[in-house]
Amino acid sequence: MSDIEIRDDRAAGRLEAVVDGEVVGRIEYFVLETPGRALVPVHTIVEPAHEGKGIAGSLARELYTVARREGVVVAPLCPYVVKWAERHRDEAPAAEPELLKAAREWLAAHPERF
């Protein structure tokens, strides 16, 4: 398998994994603005032909890297990212409960987004 390129399509709310020019996986997310700024991953999707190759983990790691670079936190709602963060606590600091609550409320108020 070729190297994985990860690109952030902020306008579309997707962090995409690209292999040989093809999008093979993505994390769909939104940016929470209040009560604090956070990246909120909602879904992690990897194409079936590319499962088991570390793509989802690479996407999760990059999401935390982007957040760190921007000085914000990740408030994960995606079950995969939640489990990844639990296994990588040194790379994935926990979000405050109030941010997670606000993220769930935002998602409930915008069901058409995902």
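Calculation notes
- Residues numbered from 1 in each chain as written.
- Predicted model: local features only at pLDDT ≥ 70, side-chain atom pairs only at ≥ 80, totals over all residues.
- Heavy atoms only, no water.
- Helix = DSSP H or I, 4+ residues; strand = E, 2+ residues; numbered from the N terminus.
- Rg over C-alpha atoms; globule rule 2.2 N^0.38 Å.
- Buried < 20%, exposed > 50% of the residue type's maximum accessible area, 1.4 Å probe, protein only.
- Contact = heavy atoms within 4.5 Å.
- Axes fitted to C-alpha atoms, helices over the stretch in contact; angles between N-to-C directions.
- Parallel < 35°, antiparallel > 145°, perpendicular 65-115°, else oblique.
- Nonpolar A, V, L, I, M, F, W, Y, C, P; charged D, E, K, R; others polar.

### Looking at the overall build of the protein
If you tally the helices and strands in the protein, you get 3 helices and 5 strands. Reading the helices (α) and strands (β) of the protein from amino to carboxyl end gives β-β-β-β-α-β-α-α. Since a compact globule built from 114 residues should have a radius of gyration of about 13 Å, the 14 Å found for the protein is in line with a globular shape. Taken along its principal axes, the extent of the C-alpha atoms in the protein is 40 × 35 × 25 Å. Put simply, the protein has 114 residues, and 40% of those count as buried. In the protein, of all internal contacts separated by at least 6 residues, the share reaching a separation of at least 24 is 49%.

### Some remarks on the packing of helix H1 (residues 55–70) against helix H2 (residues 79–87)
With their axes 10 Å apart at the nearest point, H1 and H2 run at an angle of 75° to one another. For the element pair H1 / H2, the angle class is roughly perpendicular. On the side of H1, the interface is formed by Ala56, Gly57, Ala60, Arg61 and Tyr64, while H2 contributes Tyr80, Val81, Trp84 and Ala85. For the contact of H1 with H2, the class distribution of residues is 7 nonpolar, 1 polar and 1 charged.

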